[in-house]
Amino acid sequence: MTTGDLSTLLVWGAATAFTVALIAFSTDLARIAERAQRRVPELATAGAAPARGARPATAVSGSEEQSAPGRSVRAEGIARSTTLLGLLMLFAGIVLRGIAAGRWPTANMYEFTIVGVFVAVLVLTVVQRRRIIAFVGVLVMGMAVLALVLALNAFFIQADQVQPALQSYWLIIHVGVAITATGIFTVAFAASVLQVLKSYREEAADAPAVSVGPSGEPVAASASSAATSSARRSDRFRRVVSGRRFGWLEQVPGSRELEAMSFRLNAIAFVLWTLTLIGGAIWAEHAWGRYWGWDPKEVGTFVAWVVYAAYLHARTTRGWSGRRAAYFVFVGYAVVLANFTVVNLVVTGKHSYSGV
Amino acid sequence: MTVHRPEGLSDVFMEPTEAPTSTPPTLPTLGLVGWLRWAWRQLTSMRVALLLLMLLAVAAVPGTVWPQRAQDTAKVATYISDHPTTGPWLDRLGFFDVYSSVWFSAIYLLLFVSLVGCILPRTKVHLAGVRGRPPRAPRRFARFPAQGSGSVAVSPAQAAEDSVAVLRRGWRWLPFVPTYRVDTRDEGGGTWSVSAERGYLRETGNLVFHLALVGLLISVATGQVLHYRGQAIVVQGRGFANAQVDYDTFEQGTAYSPSSLVPFTLRLDEFESRFDPETLQSRDFTAHVTLTNPGEEPTEETIKVNHPLDAGGAKVYLQGNGYAPDLTVHDAAGQIAFSGPTPFLPQDEVYTSRGVLKVPDVSGDQEQIGIVGYLLPTAQEVGEDLYRSIDPQPTDPLLVLSVWSGNLGLDTGVPQNVYELDEARMTQAIDADGTTVTLYVRPGETVDLPDGLGTLTFNGLPRYVALDLRHDPALPFVLVFALLAFAGLATSLFAPRRRLWLRFAPGGAEDTGRTVVTAAGLARGDDVGLQPELDRVLAATLAPTDDGPPAAPRGPTSGESTP
Ligand code: HEM
């Protein structure tokens, strides 16, 4: 068996380990959901609607294990250990790939994907080192498994040397940074999805509280007026999210906390994305003789950058922060993904290095 | 989620530009100036900036959907002729020149105007803030996101002094740079207050970032005006002189005069290429050249992909390479009608190359000759008279040509593509049995052209390189502003900006002799480190003033700093 084959085998191993982790995360989530379904009516009859406070995650009243009602310790343990195992295998696979090719392993779509998955799962592990948020785990792991399988089946090419245009240390800087940014954007995206779900649920639980409580609080006031304006549009969605089936959302950190987490990750990733853009331009200046030429990949990178810039601005604009800002994250992440898949596979441009 | 906005603090720390938009002006009293002012306020509001950003993102997309002139003129022409109804309209609306279209330019120019209008006032406020004292402590602390309280057995003035010492202390790893700027005020009645502020860098970074973007735009535009770029094909053993006539294509900014081209010369001595023996993918291209700058000794240089050569204020890039068969054509009268290398354009990985040879200068009233065909660097016969190339290296080169005669159309005044034969007034040579004539020529061979047109000799197979020459004096500025923007961005996103206030009041009935300390904190944006920092400062202030490190972390709250 060659080094390249061993690398591929390890990547398959990682995909398997991540699948097990995905199942474990899902089990955990299902357990929480199941428990929550049983608890919600209880709460309702007791009249103790979860209060909305700085930390709604711990606001659930009750004498049961305060921090983790319903979660499966066993499933979380399995998720943790298989994630770690998968990370190790993936890392070894990447290193061996580099050895087999005799260069830094970020030159084509296959390598880009496996390294990107590595970063995303690594960030997930770091973010969850204290507390597991099963939903984020399911989302990121699901995407990771999908990406790995796609990479192994659709993007795979033999480990090999690269053409002259790619023989530059910028392959390490520019592409490495781009991959890292993409990985971090992925986890931030998952956090934003959860934030939106959670904020809908909080809003539903909040609606009576605002009318009863003191109305001097500007936070509550603006939140509720925004709620009425967009109420009709998202009414059905809100009803679903605040229903029993999404009871597990009670166990999730508050939307404010999730927003903060998503922002911190997005901020880091955005700075790295900026570096990708600048590094790409410097490299293009060396390799193609111009620093910017509106090549499809350049346009995609630019559009994603502008959307995330808009996200940062939205966060500080009154009336656009919170859930609305999260929609920018969805758009931005969609552009990042399209920039990788559609631009590489469908559009022809100077960036046709995928080898597929 | 709305950021908490306590009373009376509308300065740069808060979001300043929103107020005007929320009060709709009374229209009749506005007048022209009023309208202009109103429009300006709108334009410089964050909301409009947001809108323009999203517009910019959307407007950039059509450039990848439709072919662009700047990249591929031929593709655009094909598209328009394939779509006779929509094509011309799209053209009129600028969809084939998206990035220089009126609407795209309008969006980014408005965005930059908005940016300047937004940033300059902020810069002023920020400079005043940096020079001024940290803002005085607000009367009530109740609504601030971080709070704390305690009491201590020293006088209010003494306690205030202690807290100043705590706040002035530097970072653990940078002890001489104070974290906070601190200001103490006597509020009367024995009450003292301390205001502290840190993180001016955050706002500075933000301003630097935005202003650097303006600088970037200006540098890029300057480069557009002052640049030139051109392409030249240089055949092995031949030279290139840096004058406009020696370029195949040449394009310059409005303020660049081609007469200021530095007249260096460049000769291609040798071209080396290496391919993977199995996949035939390229692995290395190196052009060995001799560069002669005016008034200097010739020097030997190399040009590689990713390693351009600096010459005469321009950068010389290795953009392509191929073969230029050295051909000689004798006409029917035996005169040399053409002689020299003719670049053939590679079409695939194995360098199957296509080329055209136009021979207008035939003697007498003989018809002009056009020769079209392919070069196969390593020919392999795959069928009867059917060849293909199996290797990009010239191990067994073969020319496969067809011959035309008639009028090349060179004197019609319409510029011609040198790589295309205009067949309108030409006829292709055919055999007696009606099939077209194909010539197979190997190096060193001479073949007769059909119909007694003359002969063709294949003398040799030199290589050529396609060079891109580019001069852009704004390049260093573009780089500096890009890096400045990056540094500013990183600072503005990661440097925390915080304000802390502490108030020291004489104790009431229960606390006589003690000082009651209350504290509040405010941060720009979400800042999970705010409360722990307030706790730390408070703890250190209240701690007995021994020499131990008072910054003892308090367990439960500091754990909140990471989710
Ligand atoms: C302004 C110029 C450039 C920009 C904005 C840019 C942008 C990007 C971005 C965002 C990615 C990562 C995400 C993705 O693949 O979708 C990427 C990947 C990559 N870039 Fe660039 N780039 C630029 C110039 C260059 C140059 C000059 C080269 C090499 C000659 C290059 C080679 C690569 C490679 C090899 C990858 C990863 C492989 C892949 O796309 O499958 N880039 N670029």
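Residues numbered from 1 in each chain as written. Chains lettered and ligands numbered in written order. Predicted model: local features only at pLDDT ≥ 70, side-chain atom pairs only at ≥ 80, totals over all residues. Heavy atoms only, no water.

**Student:** An account of the overall build of chain A is requested, with residue identities and associated values reported.
**Tutor:** Each helix and strand in chain A was counted, giving ten helices and zero strands. Along its sequence from the N terminus, chain A presents helices and strands in the succession α-α-α-α-α-α-α-α-α-α. For chain A, buried positions account for 56% of its 356 residues. Long-range contacts, defined here as pairs at least 24 residues apart, represent 85% of the contacts in chain A between residues at least 6 apart. As displayed, chain A offers around 14,800 Å² of accessible surface, 66% of which is attributable to carbon and sulfur atoms. (Helix = DSSP H or I, 4+ residues; strand = E, 2+ residues; numbered from the N terminus. Buried < 20%, exposed > 50% of the residue type's maximum accessible area, 1.4 Å probe, protein only. Contact = heavy atoms within 4.5 Å. Areas by Shrake-Rupley, 256 points an atom, 1.4 Å probe, with all protein chains shown as cover.)

**Student:** Account for a nonpolar patch on the surface, with residues named and values stated.
**Tutor:** All names here are of chain A. Together, Trp-104, Tyr-169, Ile-172 and Ile-173 give the surface a local cluster of nonpolar side chains, amounting to about 410 Å² of exposed area. In this structure, Trp-104 sits in the loop between helix H2 (73–101) and helix H3 (109–127). Residue classification places Trp-104 among the partly exposed residues on the basis of a relative accessible area of 43%. (Patch = residues over 30% accessible without salt bridge, like charges linked within 9 Å, V, L, I, M, F, W, Y side chains within 5 Å. Salt bridge = Lys/Arg side-chain N within 4 Å of Asp/Glu carboxyl O.)

**Student:** So what's going on with the packing of helix H3 (residues 46–60) of chain B against helix H7 (residues 102–131) of chain B? Residues and values would help.
**Tutor:** Residues and elements named next belong to chain B. Between H3 and H7, the shortest axis-to-axis distance is 9 Å and the interhelical angle comes to 150 degrees. Classified by the angle their axes make, H3 and H7 are roughly antiparallel. The element H3 and its partner H7 pack so that their crossing is left-handed. Here H3 contributes Ala-49, Leu-52, Leu-53, Leu-55, Leu-56, Ala-59 and Ala-60 to the contact with H7, which in turn contributes Trp-103, Phe-104, Ile-107, Tyr-108, Leu-110, Leu-111 and Ser-114. Looking at side-chain class alone, the contact of H3 with H7 contains 13 nonpolar, one polar and no charged residues. (Axes fitted to C-alpha atoms, helices over the stretch in contact; angles between N-to-C directions. Parallel < 35°, antiparallel > 145°, perpendicular 65-115°, else oblique. Left-handed = near helix turned anticlockwise from the far one by under 90°. Nonpolar A, V, L, I, M, F, W, Y, C, P; charged D, E, K, R; others polar.)

**Student:** Outline the interface of chain A and chain B, supporting the account with residue identities and numerical values.
**Tutor:** With 63 residues of chain A at the contact, the number on the chain B side is 57 residues. Of the roughly 5,200 Å² buried at the junction of chain A and chain B (both faces included), carbon and sulfur atoms supply 62%. The tally of links from chain A across to chain B stands at two salt bridges. Where the side of chain A that touches chain B is concerned, the elements lending two or more residues are helix H6 (218–229), helix H8 (255–287) and helix H9 (296–315) of chain A. Looking at the side of chain A that touches chain B element by element, the count peaks at 18 residues for H8 of chain A. Taken together, the residues that form the side of chain A that touches chain B break down as 34 nonpolar, 15 polar and 14 charged. (Buried area = accessible area lost by both parts, 1.4 Å probe.)

**Student:** Explain the environment of Leu-139 of chain A to me, and be specific about the residues and the numbers.
**Tutor:** Residue and element names in this part refer to chain A. By secondary structure assignment, the location of Leu-139 is in helix H4 (residues 134–155). Its relative accessible area of 24% is what places Leu-139 among the partly exposed residues. Residues within four places of Leu-139 in sequence aside, it is in contact with Ala-190 and Val-193.

**Student:** Tell me about the packing of H8 of chain A against helix H10 (residues 475–494) of chain B, and please be specific about residues and values.
**Tutor:** Where H8 of chain A contacts H10 of chain B, the two axes come as close as 10 Å, and the packing angle between them is 170 degrees. By the criterion of interaxial angle, the relationship of H8 of chain A to H10 of chain B is roughly antiparallel. Contacts between H8 of chain A and H10 of chain B involve Phe-263, Ala-267, Ile-268, Phe-270, Val-271, Thr-274, Leu-275, Ile-278, Ile-282 and Glu-285 of chain A from the first element and Leu-475, Leu-479, Ala-482, Leu-483, Phe-486, Leu-489, Ala-490, Leu-493 and Phe-494 of chain B from the second. Here the residues of the contact of H8 of chain A with H10 of chain B are counted per class, giving 17 nonpolar, one polar and one charged.

**Student:** Explain the sheet that holds strand E8 (residues 249–252) of chain B to me, and be specific about the residues and the numbers.
**Tutor:** As a general point, the strands of a sheet are linked pairwise by backbone hydrogen bonds and lie either parallel or antiparallel. Residues and elements named next belong to chain B. One open sheet holds the five strands; their spatial order is E8-E6-E26-E13-E12, and the pairing between them is antiparallel. Of all strands in the sheet, those with a lone pairing partner are E8 and strand E12 (309–311), marking the two edges. Looking at each pair of strands side by side, their axes are set apart by 30 degrees on average, direction ignored. Relative to E8, strand E6 (residues 228–235) is paired through four bridges, and the arrangement is antiparallel. Of the residues in E8, the one forming a bridge with Gln-231 is Thr-249. (Pairing = 2+ DSSP bridges.)

**Student:** Explain the sheet that holds strand E4 (residues 181–188) of chain B residue by residue, including any values.
**Tutor:** Residue and element names in this part refer to chain B. With respect to topology, five strands assemble into an open sheet ordered E1-E28-E27-E5-E4, the strand pairing being antiparallel. The open sheet has two edge strands with one neighbour each: strand E1 (146–152) and E4. When the angles between neighbouring strand axes are averaged without regard to direction, this sheet yields 15 degrees. With seven bridges connecting them, strand E5 (residues 191–198) and strand E27 (residues 498–506) associate as antiparallel partners.

**Student:** Kindly report on the pattern of salt bridges, identifying the contributing residues and their values.
**Tutor:** In this structure the tally under the stated criterion is 24 salt bridges over all chains. Between Arg-290 of chain A and Glu-298 of chain A there is a salt bridge, with its nearest N and O atoms 3.0 Å apart. The closest approach of N and O atoms between Arg-470 of chain B and Asp-472 of chain B, which form a salt bridge, is 3.2 Å. The exposure class assigned to Asp-472 of chain B is buried, which follows from its relative accessible area of 11%.

**Student:** Let's hear about the nonpolar core: which residues, and what values?
**Tutor:** Of all hydrophobic cores here, the largest spans 132 residues; its most connected members are Leu-90, Ile-114, Leu-148, Leu-194 and Trp-248 of chain A. With 19 residues, helix H5 (residues 170–212) of chain A is the single largest residue contributor to this core. With residues up to four places along the chain from it excluded, the contact list for Ile-114 of chain A reads Val-11, Leu-90, Ile-94, Leu-148 and Ala-151 of chain A. In terms of nonpolar packing, the next biggest core, distinct from the first, is built from 52 residues, Phe-285, Leu-291, Leu-318 and Leu-439 of chain B among them. (Core = buried A, V, L, I, M, F, W, Y, C linked by side-chain atoms within 4.5 Å.)

**Student:** Go over the environment of Gly-205 of chain B with me, naming the residues and quoting the values.
**Tutor:** Residue and element names in this part refer to chain B. As for its placement among the helices and strands, Gly-205 is situated in helix H9 (residues 200–226). With relative accessibility at 5%, the residue Gly-205 sits in the buried group. Spatially, the C-alpha atom of Gly-205 lies 63 Å from that of Gly-409, the residues being 204 residues apart in sequence. When residues no more than four places from it in sequence are discounted, the contact partners of Gly-205 are Gly-488, Leu-489, Thr-491 and Ser-492.

**Student:** Could you give an account of the packing of aromatic side chains, naming the residues involved and the relevant values?
**Tutor:** For the structure shown, the criterion picks out 33 aromatic pairs over all chains. Seen from their ring centres, Tyr-247 of chain B and Phe-250 of chain B are 5.0 Å apart, and the 55 degrees between their planes marks the pair as tilted. Across the pair, Phe-250 of chain B and Tyr-247 of chain B agree in class, each one buried. Among the aromatic residues, those joined into a ring-pair cluster are Trp-292, Trp-294 and Phe-302 of chain A together with Tyr-99, Phe-104 and Tyr-108 of chain B. Its guanidinium or amino end placed over the ring of Phe-263 of chain A, Arg-315 of chain A lies 3.7 Å from that ring's centre, counting from NZ or CZ. The residue whose ring lies beneath Arg-92 of chain B is Trp-89 of chain B, and the NZ or CZ to ring-centre distance is 4.6 Å. (Phe/Tyr/Trp six-rings, centres within 6.5 Å; stacked < 30°, edge-to-face > 60°. Lys NZ or Arg CZ within 6 Å of the ring centre and 35° of its normal.)

**Student:** Lay out the pairing of strand E17 (residues 353–359) of chain B with the relevant residues and their values.
**Tutor:** Residue and element names in this part refer to chain B. Among the seven residues that make up E17, six are buried, leaving the element largely enclosed by the rest of the structure. Inspection of the sheet shows strand E16 (residues 345–346) paired to E17 by two bridges, in the antiparallel sense. If you follow Leu-345 over to E17, its bridge partner there is Arg-354. Hairpin connection of E16 to E17: six residues between the antiparallel strands, including Tyr-351 at a positive phi of 60 degrees. Both E17 and strand E18 (residues 368–376) contribute to a ladder of seven bridges, which runs antiparallel. Bridged to Gly-355 within E18 is Gly-373.

**Student:** Quick rundown of the pairing of strand E28 (residues 515–523) of chain B? Include the residues and the values.
**Tutor:** Within a regular beta strand, the side chains point alternately toward one face of the sheet and then the other, so they alternate between its two faces. Residues and elements named next belong to chain B. The buried fraction of E28 is high, at seven of nine residues. Note that E1 and E28 share seven bridges and pair antiparallel. The residue of E28 that forms the bridge with Gly-148 is Ala-519. Bridge analysis of E27 against E28 gives nine bridges, and the strand direction is antiparallel.

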